[in-house]
Amino acid sequence: MPEEHSQTVMAVDELQAIIQRCQILEEADFKGEDFNLFQVAGQKCLEDGYAAQLLEVIQNEKNKVIIKNMGWNLISPLVRCIFMYKQEDDKREHCLRILDQLAQLCNPKELFLGLLEQIEQTSGEQVCQTVMLLLQPLQTVLLKLQNKKAYSVGLSLAMIMNQLTPLPVPYTKQQIQEDKLGLCQCCNAVVDFAKPFVNEVVKNMEKSSEYNDMELKEELIKFCMQSLKYPLLAAQLEHLEGIEDHPFRHFATEITDILWNVGELIPLVFVHRKGKSPHWENQEFADIERKNSADSLACLSYLMFVQHFGVECFPVVFSPSYLLLCNMTHIEVLLKRTEESVLSKGLDLFESCLLRMEDNSLLHHYLELRGFINVPQDLVKIMTLCPMEHMRKKSLNILQLFIDKFDTEGKYTLFRCLLKTSNHAGVEGYIIKNIKDQIHLALTEYDNIWFTGHHLISLLDLALSLPEGAETDLLQNSDRILASLNLLRYLVIKDCESDNQTGVWTTLGKIEQNFLKPLRVGLNMSKAHYEAEIKNKKENRKEAHSSNTVCSVTVSGEKMPAMTTGMQLQVLHSALFTFDLIESVLARVEELIEVKTKAAMDENS
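Residues numbered from 1 in each chain as written. Predicted model: local features only at pLDDT ≥ 70, side-chain atom pairs only at ≥ 80, totals over all residues. Heavy atoms only, no water.

### So, the overall build of the chain
A tally of regular secondary structure across the chain gives 25 helices and four strands. For the chain, the residues scored as buried account for 49% of the 605 residues in total. For the chain, the proportion of contacts with a sequence separation of at least 24, taken over those separated by at least 6, is 74%. Of the roughly 30300 Å² of accessible surface on the chain, a fraction of 51% belongs to carbon and sulfur atoms. (Helix = DSSP H or I, 4+ residues; strand = E, 2+ residues; numbered from the N terminus. Buried < 20%, exposed > 50% of the residue type's maximum accessible area, 1.4 Å probe, protein only. Contact = heavy atoms within 4.5 Å. Areas by Shrake-Rupley, 256 points an atom, 1.4 Å probe, with all protein chains shown as cover.)

Pasting the structure below:
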């Protein structure tokens, strides 16, 4: 007899010997040694490819008590062997049948711990495979549990989601179709795993309107909240051409369905569950819990208001401004993130809320609420700091949409706030252009007190000024300066001194003192400095006999990358061109003021 065959027979014989010895013992008389011997022999049978014989032993009615007590020890070697064999291998099929039998026959409590331990120990590429393999036996065992069922269901779902969370979420169409690690498939399998427990809660709620057993319901809500944070917050949830059954859209539908079925979808969308989060002695844990909850609720709002999951359950009684108010906290949470998948959800949610509203319908009182001031400031950060151009452009469009929705006092207050806080010349220039547009409306279409008279004068103090007087970096602030000059030019042309609707003629002395004079001085200094730089560079180039000398130049306080002298001259000439542009507009404004002032004096004389 070949040695390998004799070893296998020995393994099977050893198993049979242990079985025969244990058959005559009472359940209470099983010793630790018996458990160890059974595990070693069973494992040897599996590793040597004799799963069929082991299956026969397990299916034998006489061995029922032994398997009930000792079978759970085989879970670890069984899982290893299942992954070792190929899909079509008979031995793999035998192993799967053993797993099914163990789920039916073993002590539920022991097997539950064995299965959970196996899920906990898995990592990397095998996480999804292991979870999907063990979901069915785990569900079978949980349905049998009498004590601590809710706790055990919660522990299982939390363990599974914690194991999945480190895995990258497929985002592009190709990644979703490939589903390399099996995450898309696994997430939907986990939802199927949870369904019997959801049905149990729903049934109990239907039996009694005063459903008291909240534990299982709470565990299911925790699972939904965890699923909203991962994978849904990071997932691509738009319809993708060529993917009929989008796995993450399907998963999102299932999660919102669970929340609706247990009666928590609408309360979660509108009410922050303040009283229901666990009390942590440790402040760090409390902060983590709060952040996780905020991320999940923000994702839920995105699902409902942008992707319209669960929208058929939504009561159509809320005003658009109330919906914006409810979502402002969620929008703020999402806009503070830097990942494209999360940031884009924040922008989409904000845009969706704003598009429901009529222009000029949002009352200025909303700006007394923290979120209504913080969110436009977050938009400004995205517009100026985000490396993705399409995000910057979208943020700018949404900021304009936000401005358009406010009443005139709201626009006025928002402009003041953004001029004081944006610290970015491009943004300030954009706001000043908006101020000009509102003044135009006030002068040509309808009267309003906020963009004429003393209110406007107060706003002009902010808009028509130089941050550091004559010392202001004109190049860095050119966008703001040109917008301010264009605004002043418009005011001087449009508003006659005799009418003075805007009040610009009343405050002209102050504007000249705080803006026009220091700007003229600053221009002269800047032009002289840059012309001297150009002269130096040209002389240095002659001395070096080469235009390819590489050195550095500082523009607007920032050191530019190493450039040839020719390139540096180009940058310096470009700066001079900007100064010439500012100077030409400034000269036109000064000329207009002089002409208008002279005309008014002639009229009065």
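### Examining the environment of Val342
Its place among the elements puts Val342 in helix α17 (residues 340-355). Looking at Val342, the relative accessible area reads 2%, which means it is buried. For the pair Val342 and Cys299, spaced 43 residues apart in sequence, the C-alpha separation works out to 8.7 Å. Beyond its immediate stretch of four places on either side in the chain, Val342 contacts Leu233, Leu334 and Arg337.

### Regarding the packing of aromatic side chains
Applying the stated rule across the entire model yields nine aromatic pairs. Ring centres of Tyr412 and Phe451 lie 6.0 Å apart, and the angle between their planes is 75 degrees; on these two criteria the pair is classed as edge-to-face. With Tyr412 in helix α20 (residues 408-421) and Phe451 in the loop between α21 (425-444) and α22 (453-463), the pair connects residues that are 39 residues apart, well separated along the chain. Of the two residues examined, Tyr412 and Phe451, each falls in the buried class. Taken together through their ring pairs, the aromatic side chains of Phe350, Tyr366, Phe372, Phe402 and Phe406 make up a single cluster. The cationic tip of Lys436 hangs over the ring face of Tyr490; the distance from NZ or CZ to the ring centre is 5.5 Å. (Phe/Tyr/Trp six-rings, centres within 6.5 Å; stacked < 30°, edge-to-face > 60°. Lys NZ or Arg CZ within 6 Å of the ring centre and 35° of its normal.)

### A word on the pattern of salt bridges
Charged atoms that come close allow side chains of opposite charge to pair. Applying the stated rule across the entire model yields 23 salt bridges. Arg370 is the partner of Glu332 in a salt bridge, and the nearest nitrogen-oxygen pair spans 3.6 Å. With Glu332 in helix α16 (residues 320-335) and Arg370 in helix α18 (residues 370-385), the pair connects residues that are 38 residues apart, well separated along the chain. Sharing partners across several salt bridges, the network here consists of Arg520, Lys527, Asp580, Glu583 and Glu590. (Salt bridge = Lys/Arg side-chain N within 4 Å of Asp/Glu carboxyl O.)

### Describing the packing of helix α8 (residues 127-144) against helix α11 (residues 183-207)
Interhelical geometry of α8 versus α11 gives an angle of 5 degrees and a closest axis separation of 10 Å. One element, α8, and the other, α11, form an angle in the roughly parallel class. Residues Cys128, Val131, Met132, Leu135, Leu138, Gln139, Leu142 and Leu143 of α8 form the contact with α11, whose participating residues are Leu183, Gln185, Cys186, Ala189, Val190, Asp192, Phe193, Pro196 and Phe197. Among the residues forming the contact of α8 with α11, the class breakdown is 14 nonpolar, two polar and one charged. (Axes fitted to C-alpha atoms, helices over the stretch in contact; angles between N-to-C directions. Parallel < 35°, antiparallel > 145°, perpendicular 65-115°, else oblique. Nonpolar A, V, L, I, M, F, W, Y, C, P; charged D, E, K, R; others polar.)

### Examining the nonpolar core
Counting residues in each nonpolar core, the largest one holds 174 residues, and the members touching the most others are Leu164, Phe223, Leu324, Phe350, Leu485 and Leu519. The biggest single contributor to this core is α11, with eleven residues. Other than its neighbours up to four places away in sequence, Leu519 contacts Leu466, Leu474, Ile481, Leu485, Ile582 and Leu586. (Core = buried A, V, L, I, M, F, W, Y, C linked by side-chain atoms within 4.5 Å.)

### Considering the side chain of Thr408
Among the secondary structure elements, Thr408 is positioned in helix α20. The buried category is assigned to Thr408, whose relative accessible area is 19%.

### Quick look at the environment of His390
Counting through the fold element by element, His390 comes out in helix α19 (residues 389-405). Looking at His390, its side chain comes within polar contact range of the side chain of Glu340, at 3.2 Å. (Polar contact = N/O pair within 3.5 Å; in protein donor to acceptor, adjacent residues only side chain to side chain.)

### Quick word on α22
Turning to α22, its buried residues are His455, Leu456, Leu459, Leu460 and Ala463. For α22, the buried positions fall inside an angular range of 135 degrees around the axis, keeping them on one side. (Arc of directions from axis to C-beta.)

### Here we look at the side chain of Arg480
Mapping Arg480 onto the fold places it in helix α23 (residues 478-494). The exposure class of Arg480 is buried, given its relative accessible area of 7%. At 3.4 Å, the side chain of Arg480 forms a polar contact with the side chain of Ser465. Excluding residues within four positions of it along the chain, Arg480 makes contact with Ala425, Glu428, Gly429, Ile432, Leu462, Ala463 and Ser465.

### Examining the environment of Phe197
You can see Phe197 is positioned in helix α11. On the accessibility criterion, Phe197 (0% relative accessible area) is buried.

### Overview of the confidence of the model for the chain
Summarising the model, the chain shows a mean pLDDT of 86, and 84% of its residues fall at 70 or more. Scored below 50 in pLDDT, residues 1-8 makes five contacts in the model with residues more than four places away or belonging to other chains. Contacts for the low-pLDDT stretch residues 273-278, under 50 throughout, to residues beyond four places or in other chains number eight contacts. (pLDDT = per-residue confidence, 0-100.)

### Remarks on unusual backbone geometry
Backbone geometry follows two general trends: most residues other than glycine have a negative phi, and most peptide bonds adopt the trans configuration. Tyr230 connects to Pro231 through a cis peptide bond whose omega is 10 degrees. For Pro231, the position within the fold is in the loop between α12 (214-229) and α13 (247-261). For Asn423, which is not glycine, the phi dihedral falls at a positive 50 degrees. With respect to the helices and strands, Asn423 occurs in the loop between α20 and α21. By relative accessible area, which is 68% here, Asn423 ends up exposed. Phi at Asn500 takes a positive value of approximately 50 degrees, unusual for a residue other than glycine. Tracing the chain through its elements places Asn500 in the loop between α23 and α24 (508-544).

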